[in-house]
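# Reading the structure
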Amino acid sequence: MLGIMTQLLGEESLSQSNEHNMHGALREDGAVTRAKLFQTTKELGSEHLRNAIMVLAAMGMLVDNDSDDSTNIISDGAQEISSVTWAAIGSIGYCKPYLEEWKSSACQ
């Protein structure tokens, strides 16, 4: 799943000003354009990725490896899954702005 999300969300989102300046991005008749559809797909994909993160965290399989909290005993499997997951999400341009927020939400 992370591989697919990386391909879909690999680039950062378009700024509002860039979106208005692109040829055919926003039409006067309100029709959905390819650029707008792609942006909406990215938003939806990002939301699904966040939901998956919350499920993994609720199951105890996703932790914040950067945390100094040594009171929790974390399995090697959870540490490995966490490292791979956070690294993959950190490499996704579209999700970089949300990474710290997702970590803090998932690993409370």
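The rules behind these values
Residues numbered from 1 in each chain as written. Predicted model: local features only at pLDDT ≥ 70, side-chain atom pairs only at ≥ 80, totals over all residues. Heavy atoms only, no water. Helix = DSSP H or I, 4+ residues; strand = E, 2+ residues; numbered from the N terminus. Buried < 20%, exposed > 50% of the residue type's maximum accessible area, 1.4 Å probe, protein only. Areas by Shrake-Rupley, 256 points an atom, 1.4 Å probe, with all protein chains shown as cover. Core = buried A, V, L, I, M, F, W, Y, C linked by side-chain atoms within 4.5 Å. Contact = heavy atoms within 4.5 Å. Phe/Tyr/Trp six-rings, centres within 6.5 Å; stacked < 30°, edge-to-face > 60°.

Within the protein, the secondary structure is distributed over five helices and zero strands. The order of α-helices and β-strands along the protein, N terminus first, is α-α-α-α-α. For the protein, the residues scored as buried account for 27% of the 108 residues in total. Per element, the accessible surface of the protein, about 7300 Å² overall, is 52% carbon and sulfur.

Let's shift gears to the nonpolar core. Counting residues in hydrophobic clusters, the biggest one holds 14 residues, and the most contacted among them are Leu9, Leu49, Ile53, Trp86, Ile89, Cys95 and Trp102. Residue assignment for this core shows that the elements contributing at least two residues are α1 (2-9), α3 (34-58), α4 (76-90) and α5 (99-106). Not counting the four nearest positions on each side in its chain, Trp102 is found in contact with Ser46, Leu49, Arg50, Ile53, Met54, Trp86, Ile89 and Cys95.

The next thing to look at is the packing of aromatic side chains. Geometry of an aromatic ring pair is reported as the spacing of the ring centres plus the angle between the planes. In the structure shown here, the tally under the stated rule is two aromatic pairs. Geometrically, the ring pair formed by Tyr94 and Tyr98 is tilted, given 6.3 Å between the ring centres and 55 degrees between the ring planes. Residue class for Tyr98 comes out partly exposed when judged on its relative accessible area of 32%. The interplanar angle of 10 degrees and the centroid separation of 5.7 Å between the aromatic rings of Tyr98 and Trp102 together place this pair among those described as stacked. An aromatic cluster of three or more residues is present, and its members are Tyr94, Tyr98 and Trp102.

Purely geometric stuff here, so don't read any function into it on its own.
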